[in-house]
Amino acid sequence: MDQKTQVDRVGTAPTTTTCARCGAVAQELPLTWTCSVENGGRVYFCDDCARSNIRSIEGRLDSAWW
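Residues numbered from 1 in each chain as written. Predicted model: local features only at pLDDT ≥ 70, side-chain atom pairs only at ≥ 80, totals over all residues. Heavy atoms only, no water.

**Q** I tried to follow the overall build of the chain on my own but got confused; where do I start?
**A** Helix and strand counts for the chain stand at two helices and five strands. In the chain, the order of α-helices and β-strands from amino to carboxyl end is β-β-β-β-β-α-α. Scored against the burial criterion, the 66 residues of the chain give a buried share of 27%. Of the roughly 4900 Å² that the chain leaves accessible, carbon and sulfur atoms contribute 47%. (Helix = DSSP H or I, 4+ residues; strand = E, 2+ residues; numbered from the N terminus. Buried < 20%, exposed > 50% of the residue type's maximum accessible area, 1.4 Å probe, protein only. Areas by Shrake-Rupley, 256 points an atom, 1.4 Å probe, with all protein chains shown as cover.)

Structure representation (structure tokens):
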């Protein structure tokens, strides 16, 4: 699933963030979500998805391998 964000008028901060794994949506970017750079783009993972896959994240495996 691709990351989907909306950019505010200034163009610097997303107003909504979508989890690249499960599709959970959050207003603003929660401090507890995990960010990863994959294929040259940023993807975000919610708390639940990050906790479920922490070993793969720490091993720097792309989410396609989870």
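**Q** Mind showing me how you'd approach the pairing of strand β5 (residues 41-45) here?
**A** It is a general feature of regular strands that their side chains alternate between the two faces of the sheet. For strand β4 (residues 34-38) and β5, the ladder comprises five bridges, and the chain directions are antiparallel. In the strand pairing of β5, E38 is matched with G41. The hairpin formed by β4 and β5 contains two residues between the paired strands, and N39 there has a positive phi angle of roughly 55°. (Pairing = 2+ DSSP bridges.)

**Q** What should I look at first to understand the state of the cysteines in this one?
**A** Simply put, disulfide is the name for a covalent bond between the sulfur atoms of two cysteines. Taken as a whole and assessed by the stated rule, the structure comprises zero disulfides. Here C22 is not cross-linked by a disulfide; its sulfur's nearest cysteine counterpart is in C46, at 3.7 Å. Of the residues examined, C22 reaches a relative accessible area of 45% and is grouped as partly exposed. Looking at the unpaired C49, the closest cysteine sulfur is the one in C46, lying at 3.7 Å. (Disulfide = S-S within 2.5 Å.)

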